[in-house]
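Residues per chain are reported as follows:
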Amino acid sequence: FQFFWLSLNVWLFGKTFLLYNQGLQYYYLHQMLGLGLCVSRASASVLNLNCCLVLLPMCRVLLAFLRGSQKVASKKTRRLLDKSKTFHVTCGVTICIFSVLHVAAHLVNALNFSENYNEEFVTLNAANYRGEVSQLYLMSFLVPGLTGVIMVLVLFLMCTASTYAIRVSNYDIFWYTHNLFVVFYMLLMLHVSGGVLKYQTNLEEHPPGCFNPNKTLQQNLTVPKAFEELFPDYTTEPFLEDLPVAEPFVQHSFVRVCSEEPKFQSNFPETWLWISGPLCLYCVERLYRYIRSNKPVTITSVISHPSNVLEVRMMKDDFEARPGQYVILHCPRVSALESHPFTLTMCPTDTKATFGVHLKVVGDWTERFRDLLLLHSNQDTEILPIFQQRRYPKLYVDGPFGSPFEEALNYEVSLCVAGGIGVTPFASVLNTLLDGWKCYKLRRLYFIWVCRDIESFRWFADLLCMLHNKLWQENRPDYINIQLYLSQTDGIQKIIGEKYQALNSRLLVGRPRWKLLFDDIAKCNRRKTIGVFCCGPNKISKILHKLSNSSNSYGTRFEYNKESFS
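Because the structure is a prediction, the values reported are computed rather than measured.

## Remarks on the overall build of the protein
Moving on, step 1. When its secondary structure is counted, the protein shows 20 helices and 15 strands.
Moving on, step 2. Burial status across the protein gives 49% buried among its 566 residues.
Moving on, step 3. Taking contacts inside the protein between residues at least 6 apart in sequence as the whole, the part at least 24 apart equals 74%.
Moving on, step 4. As presented, the protein carries roughly 29,200 Å² of accessible surface, and 58% of it is formed by carbon and sulfur atoms.

## Points about the UniProt feature "transmembrane region" (unreviewed entry) in the protein
Moving on, step 1. As annotated by UniProt and renumbered to match this structure, "transmembrane region" (unreviewed entry) occupies residues 42-66, 87-108, 136-161 and 173-192.
Moving on, step 2. Across residues 42-66, the secondary structure splits into 76% helix and 0% strand, with the terminal C-alpha atoms separated by 33 Å.
Moving on, step 3. Between the end C-alpha atoms of residues 87-108 the distance is 32 Å, and the span holds 100% helix and 0% strand.

## Observations regarding the nonpolar core
Moving on, step 1. Judged by nonpolar contacts, the single largest core of 40 residues is most densely connected at Leu433, Phe447, Trp449 and Leu484.
Moving on, step 2. Elements with a minimum of two residues in this core: β10 (413-419), α16 (424-435), β11 (444-451), α17 (461-473), β12 (480-486) and β14 (529-535).
Moving on, step 3. It is α17 that provides the largest number of residues to this core, a total of six residues.
Moving on, step 4. Phe447 has contacts with Cys416, Val423, Phe426, Leu430, Leu464, Asn481, Ile482, Gln483 and Leu484, leaving out every residue within four places of it along the chain.

## Some words on the pairing of β14
Looking along a regular strand, one sees the side chains alternate between the two faces of the sheet.
Moving on, step 1. For β14, the tally of buried residues reaches six of seven residues, placing the bulk of the element in the interior.
Moving on, step 2. As defined by bridge partners, β10 adjoins β14 across six bridges and the pair is classed as parallel. Paired with Ala418 across the two strands is Cys535, which belongs to β14.

## As for the packing of helix α1 (residues 2-22) against helix α6 (residues 84-115)
Two packed helices can be described by the angle between their axes and the distance between those axes.
Moving on, step 1. Here α1 crosses α6 at 35 degrees, and the two axes come no closer than 11 Å. As for how α1 packs across α6, the hand of that crossing is right-handed. Along the contact surface, α1 presents Gln2, Trp5, Asn9 and Phe13, while α6 presents Thr86, Phe87, Thr90, Cys91, Thr94, Phe98 and Leu101.
Moving on, step 2. Among the residues making up the contact of α1 with α6, the classes are represented as six nonpolar, five polar and no charged.

## Describing the confidence of the model for the protein
Moving on, step 1. In this model, the protein carries a mean pLDDT of 79, and residues with pLDDT of at least 70 account for 81%.
Moving on, step 2. The secondary structure element of the protein with the lowest average pLDDT is helix α13 (residues 247-252), at 35, and the one with the highest is strand β5 (residues 326-330), at 92.
Moving on, step 3. Every residue in residues 216-222 is under pLDDT 50, and counting partners more than four places away or in other chains gives eight contacts.
Moving on, step 4. In the predicted structure, residues 376-389 sits below a pLDDT of 50 and forms 24 contacts with residues beyond four places in sequence or in another chain.

## Considering helix α8 (residues 143-161)
Moving on, step 1. An ideal rise of 1.5 Å per residue puts 27 Å on 19 residues; α8 measures up with 27 Å between its terminal C-alpha atoms.
Moving on, step 2. Along α8, the residues classified as buried are Pro144, Gly145, Thr147, Gly148, Met151, Val154, Leu155, Met158 and Ala161.

## Considerations on the packing of α1 against helix α3 (residues 35-53)
Moving on, step 1. Axis separation between α1 and α3 bottoms out at 8 Å; the angle between their running directions is 140 degrees. One element, α1, and the other, α3, form an angle in the oblique class. Here α1 and α3 pass one another in a crossing that is right-handed. Residues Trp5, Asn9, Leu12, Phe13, Thr16, Phe17, Tyr20 and Asn21 of α1 lie in contact with α3, whose contacting residues are Leu35, Leu37, Cys38, Val39, Arg41, Ala42, Ser43, Ser45, Val46, Leu49, Asn50 and Leu53.
Moving on, step 2. For the contact of α1 with α3, the class distribution of residues is 13 nonpolar, six polar and one charged.

Parameters at a glance
- Sequence order as written defines residue numbering, which begins from 1 separately in each chain.
- Per-residue local features are limited, in this predicted model, to residues with pLDDT of at least 70; the limit for side-chain atom pairs, both in listing and counting, is 80 or more; totals at the level of whole chains, interfaces and linings are taken over all residues.
- Side-chain metrics rest on all non-hydrogen atoms present in the structure, leaving aside hydrogens and water.
- Under the DSSP-based scheme used, a helix requires at least four consecutive residues in state H or I and a strand at least two consecutive residues in state E, with every element numbered from the N terminus.
- The buried label goes to any residue with under 20% of its type's maximum accessible area, the exposed label to any with over 50%, and the partly exposed label to all in between, with areas taken from a 1.4 Å probe on protein chains only.
- Contacts are residue-level and defined by heavy atoms, with any inter-residue pair within 4.5 Å sufficient.
- Working definition of accessibility: Shrake-Rupley area with a 1.4 Å probe, residue cover restricted to the visible protein chains.
- UniProt positions are given in the numbering used here, feature names are shortened, and annotations may be inferred rather than shown by experiment.
- What is meant by a nonpolar core is a set of buried Ala, Val, Leu, Ile, Met, Phe, Trp, Tyr and Cys residues, joined one to another through side-chain atoms within 4.5 Å.
- Being paired, for any two strands, means DSSP has found at least two bridges between them.
- Think of each axis as a best-fit line through the C-alpha atoms, taken over the contacting stretch in the case of a helix, with angles from 0 to 180 degrees between the N-to-C directions.
- The sense of a crossing depends on the near helix, which, turned anticlockwise from the far helix by less than a right angle, makes the crossing left-handed and, turned clockwise, makes it right-handed.
- The residue classification treats Ala, Val, Leu, Ile, Met, Phe, Trp, Tyr, Cys and Pro as nonpolar and Asp, Glu, Lys and Arg as charged. All others, Gly included, are polar.
- The pLDDT value expresses, per residue, how confident the predictor is, ranging between 0 and 100.
- Residue count minus one, scaled by 1.5 Å, sets the expected span of a helix.
- Roughly parallel refers to an angle under 35 degrees, roughly antiparallel to one over 145, roughly perpendicular to one between 65 and 115, and oblique to any angle outside these ranges.

The following block contains the structure:
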């Protein structure tokens, strides 16, 4: 996908480059600026395209609608929507690359405006006289220069703060700098209003290189050599019979007469045509999301689980969600501006309106949120419902939004692989199956959960046991295949007990042997399409992706889907 997008941008760059290199309307400007004109305008066209499309993957309501509509989006289309984050990152990287080209080209243009000052056509010049330090002039006084410098600084901050190391170590920096996109787009709208580059409007009355009888005859006698090289097929018409000229001139020169002086006009700012649509769509969606999430939810209970995991159960009027979706939580008492996404581990149904999330306490925001919710610092306590014990801080929920895991119930066979807290999207799937599985297409589920410590399995041990017992009672023990892997052996005896007896036989020490696991699943499901879903570390994700794309002798096809923490 990245290769295709890069090829498309290179094609657009080349096409625009040729337009400004060979277009008659840019002939005089090209003589002044040379390749700097072509590179600056070609890179600008690529930037317009990417600045237009980089916002679309952030329209989460639109993506959730397309993903949930069976009529609008097929399964293949919904799988393409899973690449929305990749597309957003690709557009961002493209903007950074071509911004460097754009800035470099305009620095060359600034120098050429000074060195190639056109005394014949003064309106083309950006400098006031030949030899003026026009770089300083353009960058300090004109609107395009000032806005361009600030945009480069904003883009640098957004780009550096978007690196993986910054996002993991300090998410706040990424969050606040990324919101500078508002400043970036405001400056972008102003950036194109300077009108420094101009094109010729009267090509019919004044074709480039034509003879002007009002000028000195010897000065206009010969067609310019550069014009002949650029336009070898340019048609001319004789005019000599109308002029009293010397015999040598009659024998050698055929050029077209200018009927008037060339007229120049600033390029029409096209950037707003590119970005106004997506920008308005994004603003409308943000307004809709603000109105939808303006009413706080009712927190019914908060449960502290082992290994610094907090479960929050809530209720909200008219809230509907599908298994695998996520919501964005905003608590003003924690942070006035910050909000964070969390996958739903429990969705509302026809019989219950409660929905919930599990969040791992790993940063400043989650720590402050936990301290506000928990009455004491003891992490093994359960807080009773609000009407029995205390008042919780106001919490606003935005969503739900779509994710790849919504498709887990739409395959006949699904393989769900979780790493640590990455089990949360599959918890909502398991909760849904606990309420009833016969109405879904899914007929067999392979559930693989890898954790470092034994206590992490207690997050959803009760849910797994209840689902296991329900399927045994309904004579479908083969519906779900549960495999729990413990990568560290400390405290393995703690899970042994009568309550979790069903899970003890499915607990393995070590890491999964993925190749053997895929071969076994392919053998048991010959000539079927299996959905592979992964939420966990990138190392596991890369292995599963590679195995999903590899062929097997059983005719089984694996379709890979992934959710990333970063």
